[in-house]
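Structural description and commentary
Listed below are the residues making up each chain.
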Amino acid sequence: MTFLSIAPLNRKFSIAPMLDWTDRHCRYFLRLLSKHSLLYTEMVTTGAIIYGKGDYLGFNQEEHPVALQLGGSNPDHMAKCAVLAQERGYDEVNINVGCPSDRVKNGSFGACLMAQPEIVADNVRAMQAVVDIPVTVKCRIGIDDMDEYEDFARFVDIVADAGCDTFIVHARKAWLQGLSPKENRDIPPLNYPRVHMLKEAHPGLSISINGGVKTLADTQEQLKYVDGVMMGREVYANPYILANVDAEIFGDESVQPISRRDVVLKMQQYIEACIARQDDPYFKPWHVARHMLGLYQGQAGGRIWRRYLSQNGTGKSPDPDLLMNALHAVESAQQEINDYNAQKAANNIS
């Protein structure tokens with residue numbers, strides 16, 4: 001195999017892998033908002049890649065830097081999928097050791113692997129032997145009753161000794177019994193100090209923190225203690241938060257924030273390109289628009305934007321101009337507000 005020369009990834013800010021959310025359409029949308037943020041795919045299982053009929057590795061070239069998150073525990077299968085990921089052009093392959101769902105647990109991967117660090121280490125070795133893109137691990141701070149710092153540190157030590165130098169840590173433990181995946185994202189308390197302690201003990205490792213970070217101010221605070229911050233649901237609910245990431249987090253003030261209107265125009269062009277390619281017979285504009293519901297979060301007309309997309313995007317007869325019509329509805333509402341405020345100001349003056 002011919003290895004490529006891979007430039008180091010800047011991990012100061014990344015977008016979490018979110019099942020059913022961070023698909024290729026979502027990632028294209030998010031990339032418009034931030035040039036530098038590291039994007040992650042949804043978790044893809046090795047079984048789907050190796051035995052599935054669909055293309056589970058497809059992505060838009062505009063998404064770079066982009067990482068593939070893999071679910072699996074068989075070193076041969078993980079290595080094979082890592083090779084395929086590198087051949088397709090992914091910038092990183094990440095091992096899921098954090099998902100607590102029953103389906104994942106029954107497949108012997110995800111968070112349950114925190115109790116079996118030797119298996120994770122075997123996978124790291126097998127993958128690093130065949131690729132030169134980074135092989136990283138996303139994990140929790142603990143599971144079930146394995147909830148002491150020593151358990152967490154032992155896991156990291158064993159996996160790091162196998163060659164992994166980058167860990168993304170969700171700063172909550174996972175209960176594999178009694179809590180749903182959704183509950184596991186909220187009920188176990190956050191424990192940021194445990195992740196900070198890990199970084200202090202392992203200054204040579206790249207440690208990113210995930211869980212509960214909602215603002216760029218929160219991000220800046222966490223970067224005092226760790227190397228990177230991974231944000232998930234807040235980005236999905238309020239994606240325009242990314243418009244200031246390049247300047248405020250990465251220090252690239254040459255990047256001017258894109259306007260919401262320009263995002264809509266570019267995503268309309270993206271929809272038209274997807275329709276023209278005809279590579280997905282099931283494609284509908286809603287497959288893109290559903291990721292954009294929060295674009296006008298906190299803005300005048302934001303509720304109108306969400307309502308228009310939801311009411312007009314999910315029918316049997318898809319509207320190819322869905323985004324443009326929604327934009328018109330928002331801007332009409334905003335103009336009415338501006339006219340009202342102007343008239344009110346004029347009356348006060350007179």
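To be clear, the structure that these remarks concern was listed above.
Quick caveat: nothing in here was measured; it's all calculated off a predicted structure. (Residues numbered from 1 in each chain as written. Predicted model: local features only at pLDDT ≥ 70, side-chain atom pairs only at ≥ 80, totals over all residues. Heavy atoms only, no water.)

Turning our eyes to something else, we now look at the environment of Ala 174. Counting through the fold element by element, Ala 174 comes out in the loop between strand 6 (166–170) and helix 7 (192–201). Distance from Ala 174 to Val 226, taken between C-alpha atoms, is 21 Å for residues 52 residues apart in sequence. Other than its neighbours up to four places away in sequence, Ala 174 contacts Pro 100, Ala 111, Arg 140, Gly 142, Ile 143, Asp 144 and Asn 184. (Helix = DSSP H or I, 4+ residues; strand = E, 2+ residues; numbered from the N terminus. Contact = heavy atoms within 4.5 Å.)

On inspection of all chains with the given rule, the structure shows zero disulfides. As a non-bridged cysteine, Cys 99 has Cys 112 as the owner of its nearest cysteine sulfur, 9.7 Å distant. Just so you know, Cys 274 is unpaired, no disulfide at all, and the nearest cysteine sulfur is the one on Cys 26, 13 Å from it. (Disulfide = S-S within 2.5 Å.)

Let's shift gears to the environment of Arg 290. Tracing the backbone shows Arg 290 in the loop between helix 12 (286–289) and helix 13 (302–313). Dropping the residues within four chain positions of it, Arg 290 is found in contact with Asp 20, Asp 23 and Tyr 236. Side chain to side chain, Arg 290 and Asp 23 meet in a polar contact 3.3 Å long. (Polar contact = N/O pair within 3.5 Å; in protein donor to acceptor, adjacent residues only side chain to side chain.)

In short, geometric facts, not functional conclusions.
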